[in-house]
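# Examining the three-dimensional arrangement
If you want the building blocks of each chain, they are given just below.
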Amino acid sequence: MRISRFLTLIFFCAYIPVSLSQQTHRIHGYVFSASDYIPIAGAVLTVDASAGKIATDEDGFFELFVRSDSVLLRCHAMGFSAWQGSLGLPLQNGINIHLQDTSQLLDEVVVSTGYESLPLERATGSFTKVNKERLNRATGTDVLGRLEGVTNSLTFDRRPSQPTMMVRGRSTIYAGQAPLIVLDNFPYYGDLDNINPNDVESVTVLKDAAAASIWGVKAGNGVIVITTKQGAGGGKPVLGFSANTTVTTEPDVFYTPAISSADFIDVERFLFGQGFYNNQENNNNRPPLSPVVELLIRQRDGLATQQQTDESIGLLAGRDIRSDFRDYLYEPAINQQYALNYRGGTDRFSYYVSAGYDRNRDFTDGKAERLTLRMDQVFSPRPNLKVRAGLTYTNNQSVVGRPSHLAITPGGTKSLYPYARLVDENGEALPIVKDYRLPFVQQAAESGLLDWMYRPLSDYRHTDISQSGRHLLADVGLDQVFLKDFTLQLKYRYEAGNDLNATLWGADSYYTRNIINRFTQVGSEGGLEHAVPMGGILNNVTGVLNAHSGRAQLSYHKLKGDHQVTALGGFETRQIRNQSNTLQVYGYDEDVLTTGAVDYVTNFPQYYNPNARARIPVGSGSTLFSERLDRFISAYANAAYTYQGRYTVSGSIRKDASNLFGVNSNQKGVPLWSTGVSWNVNKEAFYRAGWMPYLKLRATYGFNGNVDNSLSAYSTITYFNGNLHNQRYAALRSYPNPDLRWEKSRIINFGVDFASANRMVSGSLEYYVKRGTDLIGDAPIDPTVGIYSGLIRRNIAEMAGQGIDIELNGKWIDRYFGWETDLIFNYNTNKLTKYYTDATSGSRYLGSGIGIVPIEGQPLYNLMSYAWRGLDGSNGNPLGVVDGETSADYAAITRNTPLEGLIYHGPSLSPVFGSLLNKFSWKQLSISANVAFRFGHYFRRPSIAYGSLFNNWDGHADFAARWQRPGDEQRTSVPSMVYPLNNNRDQFYRYAEVLVERASSVRLQDVRISYDLTIGRHRYFPTIGLFLYARNLGVLWKATKTAIDPDYGLGIPAGRSLSMGLNMEF
Amino acid sequence: MKYLTLSLATVFLLLSCENYLAVKPNKGLAVPEGLGDMQALLDATRVLNESRPSAHIIASDNLYIEDTDWNALFDMTSKNAYTWQRDVFNDFDTNDWTNAYAALLHANVIVDGINNVDRTAANAKDWDEVKGGALFHRAMIFYELAQLFAKPYDASSAATDLGIVLRLEPAIDQPSMRAPLQQTYKQIIDDLKAALPLLPMHADFATRPSKLAALGLLARTSLTMGDFGQALEYADQFLEANPELMDYNAKDASVANPFEQFNEEVIYHSTAFGWPGLSYPSAKVDTILYRSYAAGDLRRALFFREHASGGIEFRGSYNGARGLFTGIATDELYLIRAECLVRQGRWKEGMKVLDELLKMRYAQESFTGVDVDDLEEALGRVLEERRKELAFRGLRWTDIRRLSTDQRFAVAITRTVNGQTYQLPVVDGGYVFPIPLKVIESTGIRQNK
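How each quantity is defined
Residues numbered from 1 in each chain as written. Chains lettered and ligands numbered in written order. Predicted model: local features only at pLDDT ≥ 70, side-chain atom pairs only at ≥ 80, totals over all residues. Heavy atoms only, no water. Helix = DSSP H or I, 4+ residues; strand = E, 2+ residues; numbered from the N terminus. Buried < 20%, exposed > 50% of the residue type's maximum accessible area, 1.4 Å probe, protein only. Contact = heavy atoms within 4.5 Å. Areas by Shrake-Rupley, 256 points an atom, 1.4 Å probe, with all protein chains shown as cover. Lys, Arg positive; Asp, Glu negative; His and termini not counted. Charge placed at Lys NZ, Arg CZ, Asp CG, Glu CD. Phe/Tyr/Trp six-rings, centres within 6.5 Å; stacked < 30°, edge-to-face > 60°. Expected span 1.5 Å × (residues − 1). Salt bridge = Lys/Arg side-chain N within 4 Å of Asp/Glu carboxyl O. Nonpolar A, V, L, I, M, F, W, Y, C, P; charged D, E, K, R; others polar. Pairing = 2+ DSSP bridges. Axes fitted to C-alpha atoms, helices over the stretch in contact; angles between N-to-C directions. Parallel < 35°, antiparallel > 145°, perpendicular 65-115°, else oblique. Left-handed = near helix turned anticlockwise from the far one by under 90°. Core = buried A, V, L, I, M, F, W, Y, C linked by side-chain atoms within 4.5 Å.

## So, the overall build of chain A
Scanning chain A for helices and strands turns up 16 helices and 51 strands. Summarising its shape, the C-alpha atoms of chain A cover approximately 135 × 70 × 65 Å along the three principal directions. For chain A, buried positions account for 54% of its 1066 residues. Sequence-distant contacts, at least 24 apart, represent 70% of the contacts inside chain A between residues at least 6 apart. Per element, the accessible surface of chain A, about 45800 Å² overall, is 55% carbon and sulfur. In chain A, the 103 positive side-chain charges and the 101 negative ones have mean positions that sit 6 Å from each other.

Spelled out as structure tokens, the structure:
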């Protein structure tokens, strides 16, 4: 205060000499923030005539003297918009100047937690909001897929058999790892594919405890809140229409490096010479032998000459089944999507009505259709009462087309031999070896059985696999405001789904012929009797979902002076019932709807091996009826207090109980809670950084929960149909676990939100620390207690994680030509801090490099390997390390290598990931491109495994590069082929250091070109947007030199897709 | 008023929570508590009857594996059991040890849980049968484990020799310890004696234990212990109540499997775990065994099938299909009785018992009766018939072990695989299967040498 007064004095003194001629007038007053009446210190006031300047003091007070009858007074302060006014002098009173907070002028972002909507500015928690524009950048039938690459902190994992989506990394080991999906107010239990993405207004990801802990025990994996479009009161009705078509290229079957036919045949010849096939040849089950082995057997038995055999085999050697896969199985997929909506309303009534239709054809000519109808209306009979009713109906149908190439197998664990053919020269479908030896199958046909051949390319025409579903979502809600500040909300949702998965194996399908043949009985006179009647086999699986969710919530909102309070509390109950039943009938005639009768009791001898007996399967699985009922009761409360718009304190608490645990465990549960603070620094008087008018700091602390549905507190048994005597029986399913409880995840979150002047650069930076306790993990237990695996699931593990989420948006140029950049940068890492790890046996911890491998002190996703010392120059044996010495003692390596003897490479899931989106626009045309990156992780590349090659016919192209003669060890690391098989040698090579690669990659995820055709803003002209969108455009850079795309692991990468479409609004 | 209603509703909701949340999530699940649940557990044939220890069948001398087949075998348990290695049960979590102890847990859950079910006049019969059945299963499991994982019974050292882990309660937090061999056999006998009065003479199904089954196992156990007097007593009791044998003359050798599942001789049904090395064509019948069936012996045709491609397949399982029968059948009791009589010096009586059995095994016209001159010859004959009649039932291993100390009948087995010769160890109890390493690591119990 002293200094500013002193400065005033200096200014004042300086003016004295030039202000002698006119009378001196005093101008004084205060400068306030217009939004919260807080005095602004350091605001600068200038007077044009005199070029004088003065700054306000800490109380916002200013005082200056001018020698003029009128002045133009200007006032500006950092973080506030400028003010100016003409004043006639003298003034009778002081003046108060109110400056607008520029951050208040920013679009207010409102996020929804599913319980309330709150402005991001006042929130303490961590939210990521994806708005309509971002969501609609991508096309596609499902909503969540559109979040990829545009959502801060969300990891998408495209490797096979992995959970696809994680919020801030994995928070659990074995419990459910999917984030909770909330549709508007309630968790959604149906198939997410039932949601029409065109009905979605925005998606909010709740990341930290303060944001998510209101969801209690379901929030442990993060919460994704989908907010649908609603009617808008007041405006004119709007009719929207959109249509788009996407074409996706078929999977590249040549991506998987397969052994060549010539090499495969060489191996078969070699094994044949070793007598490897003798066992299978003489096996009473008549297991399938490949065509080459059959040819060799014929030659051996003198049924063919060597020359004939060599010629036949020579023909096979030149083939590659993958060309047939490419030519006859796959075609580009086409997705079409149409959506129509109409919305509008008045103060008292608003509505949103929509219809969506999707029509997809996949790579194998499978077809799917979806129709969604939605209606949502809110009416207010009185100003303090709102009633909402919503109804969404979805109908979907799909039919499976041709089999995928992985589904075409000779049966059992065998892969298709590489020289197979699907069609002959005339385009007729050819059979492949399936389930039994070819001579047996031929002989059976001669004996009067049905044709026993499997022709993959025509068989699917006789098999009808379809799915149809209807899903209904009904919402009613009531908001009653009373005593001015209170609102009572009652909400109820009913969700119902009916699904029918119907499979009709026609009379001509292989499946049906195989069953009829297997159960064919040879009578004493040699006559044939069919235990399974002729005709088709129909299998219907019906699933019924019924879920009720109800909520009663009281909220309080009060703004008075410097104080703003919002609070809510309520009770919630949910019940989810899933029922399913399976029906299988034989001898089904779809034309006249008749079925045949079968004997389910007799253990029939099988035609292929009369020593083997089987009962006619009652259904496809052992359980024909199932019913699951989950119930939850929860109580929750949440409150936030804001002082002067600057400081916010929030808290949230929730307690859940469910029927999973039994009453004792429910009572033991501790409520999950969170708290947080935030501080809008820019609103402080001392804040002067005008270049950054918005700066907010926040910190939160709290707990989320999670649960493993498959566990039980009690020792339980499961009932089954039919033991050896066809009596029902029960088997132990779980062992008593009275200490079963919710998993808990503690999250501490620090965040900074900022925006520069005019929002040229804005964004947020967050740092979080997670600590999971009571995590469900496998504790080792003596297998002697009666547990095969020697492992038992208990709440035993602890995990620590941390990470950084950065989001930066730059609007570098915003004129006719525009340039914007969005950068998302995420870092996430975790470590198991408590786990039962057996350090003496490292081999237990060598995973495929895709899934999780829990080891104390390491990330859940980790990659380790055996030390590699190259190949032995004399025999091509791979060399490892035993007790520090180079060794080829594979049993010792695979059994005795301790954990610390393994090489730790790093995580197998990228700790660093994100995307960089640039958008350029010129007038109505805009082009944007999104580049996604993942860094810092490793993967295990597949190579040849001789055990797999011999037994499963599953070869790898590395076979060609194997060690064959001394000197080869200089150029290759692929071990030589040995016989008899040495499993441990295969194991060692599979998990050796030499097969580990860096997985970092940068890819061009998509490019979008759009054109805004709007001619003018006239009310009769629609707004029309056209776009082209290309996705999966390829890898720009990757760390590995192999052809493998590490983001897809062993799967085939998604094909490139191109969409075009238009959006209109009238 | 509205708020009052709501508050009341809330209070009501909370009060009714316990019932609301007490419903079980999955209808297919149950907490085992009623007699019906116990009976259903006892009927879990998949667990209790169908995966019996069987690596010792590969290790014994009734089968051989050719080099090509041994080389082609993927399964280390079969390969290593065949050559009596130390690394046998370490590749799969499902093995002869874990299968047995998983079945034991079922039995113990019943033995423990049945005490919480009231025994009333109305349910007494079922209650007794369930409890007796669980005790029988427990004894059977212990007996089979002792044949693989403990030394042969020798009364002079049984008090100090290591037996198996005797878990008698379902609690999974109790540590496993190896009981002395004597206590192991005592437990088997005690469980069976406790089961005897509870079980009906015949069970409704052959997969359920019966009094006959308990008598049969008591006889088998006593024989294994060298207690011929007791064995004879139990065999007598058994055969007095149930002497019926099948006449093999009525069997048809032309069908795939001449014997039916649950046939007249099957008193208690169980089958061996299907190690790949157990079945044809990997496993071929020992040619000496095959040739030992004399002309007119119907078993040669009924038990075996000669393949043109070479090798003989065993197909005489009382399981009626694939899978070796390891249960208790009447024919075994004839052989126990015969042997015990001979061992007690009553060799002529013993040969009469043998005649009764063989009469049903030989073609009617060709059977003339067993003709031996002295006790030793009689003993040799009965042991030979034991091997021939009970081939591939899992009993040969025990016979090899108990005869190993008798110079007259000791069996020496050598095998040659890929040019390397292996000999079945005989000293100090001979070859005893090693306990899975996983168990040794987690319990610290003593490994077999």
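## Section: the packing of aromatic side chains
The geometry of two aromatic rings is summed up by the distance between their centres and the angle between their planes. Within the structure shown, the criterion is met by 65 aromatic pairs over all chains. One aromatic cluster is present, built from ring pairs that chain together B:Y248, B:F259, B:Y290, B:Y293, B:F303, B:F304, B:F314, B:Y318, B:F325 and B:F392.

## A short note on the environment of B:K352
Residues and elements named next belong to chain B. For K352, the location among the structural elements is in helix 16 (residues 347–359). The class of K352 is exposed, set by a relative accessible area of 55%. Between the C-alpha atoms of K352 and A338, which are 14 residues apart in sequence, the distance is 7.9 Å.

## A look at unusual backbone geometry
A:Y979 connects to A:P980 through a cis peptide bond whose omega is 0°. Here A:P980 shows up in the loop between helix 15 (946–952) and helix 16 (983–990). The omega torsion across B:Y280 and B:P281 is 5°, close enough to zero to call that bond cis. Relative to the helices and strands, B:P281 is located in the loop between strand 5 (266–268) and strand 6 (284–285). Even without being glycine, B:N418 reaches a positive phi, approximately 50°. Here B:N418 lies in the loop between strand 10 (414–417) and strand 11 (420–423).

## Description of helix 11 (residues 211–225) of chain B
Residue and element names in this part refer to chain B. The end-to-end C-alpha distance of helix 11, which contains 15 residues, comes to 21 Å, matching closely the 21 Å that a straight helix rising 1.5 Å per residue would cover. Burial of helix 11 is extensive: 13 of the 15 residues sit out of reach of the surface. In the segment just after helix 11, G226 is the residue with positive phi, at about 80°.

## Let's talk about the interface of chain B and chain A
Opposite the 79 residues of chain B that make contact, chain A presents 77 residues. With a shortest N-O distance of 3.0 Å, A:R844 and B:E441 are connected by a salt bridge. Among the elements that make up the side of chain B that touches chain A, the one with the highest residue count is helix 8 (residues 96–113) of chain B (eight residues). Classifying every residue of the side of chain B that touches chain A by side-chain character gives 34 nonpolar, 25 polar and 20 charged. For strand 35 (residues 716–720) of chain A and strand 1 (residues 29–30) of chain B, the ladder comprises two bridges, and the chain directions are antiparallel. Counted as the bridge partner of A:I717 is B:A30 from strand 1 of chain B.

## Notes on the sheet that holds strand 35 of chain A
Spatial strand order, 36(A)-35(A)-1(B): three strands in an open sheet with antiparallel pairing. Among the strands making up the open sheet, the edge pair consists of strand 36 (729–734) of chain A together with strand 1 of chain B.

## A look at the sheet that holds strand 10 (residues 127–131) of chain A
Residue and element names in this part refer to chain A. In spatial order, the strands read 10-15-16-13-14; together these five strands make up an open sheet with mixed pairing. Across the chains shown, the open sheet's two edge strands, defined by having one partner strand only, are strand 10 and strand 14 (186–187). Pairing of strand 10 with strand 15 (residues 200–206) involves five bridges; the strand directions are antiparallel. For N131, the partnering residue across the bridge sits in strand 15 and is S202.

## What to know about the packing of helix 8 of chain B against helix 9 (residues 124–149) of chain B
How two helices pack is summed up by the angle between their axes together with the distance between the axes. All names here are of chain B. Between helix 8 and helix 9, the shortest axis-to-axis distance is 9 Å and the interhelical angle comes to 155°. Judged by the angle between their axes, helix 8 and helix 9 are roughly antiparallel. Judged by the sense of rotation from one axis to the other, the crossing of helix 8 with helix 9 is left-handed. The residues of helix 9 that touch helix 8, namely those facing D96, W97, A100, Y101, A103, L104, A107, N108, I110 and V111, are V130, A134, L135, H137, R138, I141, F142, L145, L148 and F149.

## Topic: the pattern of salt bridges
Residue and element names in this part refer to chain B. Evaluation of the coordinates by the stated rule reveals 88 salt bridges over all chains. With its nearest N and O atoms 3.7 Å apart, the salt bridge here joins D61 to R387. Here D61 is found in the loop between helix 5 (55–59) and strand 2 (63–64), whereas its partner R387 is found in helix 17 (residues 375–389), with 326 residues between them in sequence. Residue R387 is classed as buried on the basis of its relative accessible area, which comes to 15%. Taken together, the salt bridges that share partners define one network made up of E265, D297, R299, D331, R361, R381, E384, E385, K388, E389 and R393.

## Comments concerning the nonpolar core
Judged by nonpolar contacts, the single largest core of 148 residues is most densely connected at B:W97, B:F136, B:F149, B:F304, B:F392 and B:F433. Sort the elements by how many residues they give to this core and helix 9 of chain B lands first, with 14 residues. Residues in contact with B:F149, not counting those within four places in the same chain, are B:F89, B:W97, B:G163, B:I164, B:R178, B:V432, B:F433, B:P434, B:I435, B:P436 and B:N448. By size, the runner-up hydrophobic cluster in this structure holds 71 residues, among which are A:V292, A:Y454, A:I893 and A:W953.

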